[in-house]
Amino acid sequence: MDSIVSSSTVLIRSYLTPPVRSHSPAVSSVSVKPLSSVQVTSVAANRQLLSFRSGGRRTKKLTSSAIRCGGIKEIGESEFSSTVLESERPVLVEFVATWCGPCKLIYPAMEALSQEYDDKLTIVKIDHDANPKLIAEYKAYGLPHFILFKDGKEVPGSRREGAITKAKLKEYIDGLLSSISVA
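Summary of the structure given here. These numbers were taken from a predicted model, which means no experiment stands behind them.

## A short note on helix α2 (residues 77–85)
By the burial criterion, the buried members of α2 are Phe 80, Thr 83 and Val 84. The buried residues of α2 occupy an angular sector of 100° when projected down its axis, which confines them to one face. Those residues of α2 hidden inside the fold are in contact with β7 (73–75), β8 (91–96), β9 (122–127), α4 (132–138) and β10 (145–150).

The following block contains the structure:
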């Protein structure tokens, strides 16, 4: 079943019901029947179960848009002081949002780097929408937004904004760690 769900919950479908085709070889038209409200509701409720098909092969599953945090801890305003400001290790804070495309884009690279730098650096995420006081205090309006903290203070020159490749993230982190003398 080929299905596409748009943001306006309109479902364009093929193979659900056979399209009405003209029998004349010169005219090739297709008409699609509109969905009932029950079908639209059913699609919305089961969005994660739908998949796209291409040539009979499954190519992509629809998933939730939430930012997943496997090895990276997501913290809030209540944990910020104890996790970031009172940490004995340097802490890289990444400000993200569930609706932020670039945040989702760099997610795999951040996960890999959090494991690679596990012995030298703590990496945490802060949800932009759930923590407005921290966003305002640190003026982290562009997402993703990175700030390195050491000994409870922001490391000068550590701010970085926007999505970058894993290699550039590694270069950025290595440069910060060498500037604050972390072996």
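From this point on, the discussion continues.
## Examining the packing of helix α3 (residues 101–116) against helix α5 (residues 166–179)
Between α3 and α5, the least distance of the axes is 10 Å, while the angle of their chain directions is 40°. Classified by the angle between their axes, α3 and α5 sit oblique to one another. Remark: the crossing between α3 and α5 carries right-handed chirality. Facing Ala 109, Met 110, Ala 112, Leu 113 and Glu 116 of α3, the residues of α5 in contact are Lys 166, Leu 169, Lys 170 and Ile 173. Taken together, the residues of the contact of α3 with α5 break down into six nonpolar, no polar and three charged.

## Some words on unusual backbone geometry
With an omega of -15°, the peptide bond between Leu 143 and Pro 144 qualifies as cis. Tracing the chain through its elements places Pro 144 in the loop between α4 and β10. We note that Lys 139 has phi near 50°; this positive angle belongs to a residue other than glycine. Within the secondary structure layout, Lys 139 lies in the loop between α4 and β10. Of note in the backbone geometry, Asp 151 takes a positive phi value of approximately 55° without being a glycine. For Asp 151, a relative accessible area of 54% gives the class exposed.

## Quick notes on the side chain of His 128
Within the secondary structure layout, His 128 lies in the loop between β9 and α4. Relative accessible area serves as the criterion here: at 18%, His 128 is assigned to the buried category.

## A word on the side chain of His 145
Position of His 145 relative to the elements: it lies in strand β10. Given a relative accessible area of 5%, His 145 falls into the buried group. Only 3.3 Å separates the side chain of His 145 from the backbone oxygen of Gly 142, close enough to count as a polar contact. Residues within four places of His 145 in sequence aside, it is in contact with Val 93, Glu 94, Phe 95, Lys 139, Ala 140, Arg 159, Arg 160 and Glu 161.

## Description of the state of the cysteines
All chains considered together, the criterion is met by one disulfide. Paired through a disulfide, Cys 100 and Cys 103 show a sulfur-sulfur distance of 2.4 Å. Between Cys 100 and Cys 103, the S-S torsion sits near 80°, and that sign places the bridge as right-handed. We classify Cys 103 as buried; its relative accessible area is 0%.

Conventions adopted
- Residues numbered from 1 in each chain as written.
- Predicted model: local features only at pLDDT ≥ 70, side-chain atom pairs only at ≥ 80, totals over all residues.
- Heavy atoms only, no water.
- Buried < 20%, exposed > 50% of the residue type's maximum accessible area, 1.4 Å probe, protein only.
- Helix = DSSP H or I, 4+ residues; strand = E, 2+ residues; numbered from the N terminus.
- Arc of directions from axis to C-beta.
- Contact = heavy atoms within 4.5 Å.
- Axes fitted to C-alpha atoms, helices over the stretch in contact; angles between N-to-C directions.
- Parallel < 35°, antiparallel > 145°, perpendicular 65-115°, else oblique.
- Left-handed = near helix turned anticlockwise from the far one by under 90°.
- Nonpolar A, V, L, I, M, F, W, Y, C, P; charged D, E, K, R; others polar.
- Polar contact = N/O pair within 3.5 Å; in protein donor to acceptor, adjacent residues only side chain to side chain.
- Disulfide = S-S within 2.5 Å.

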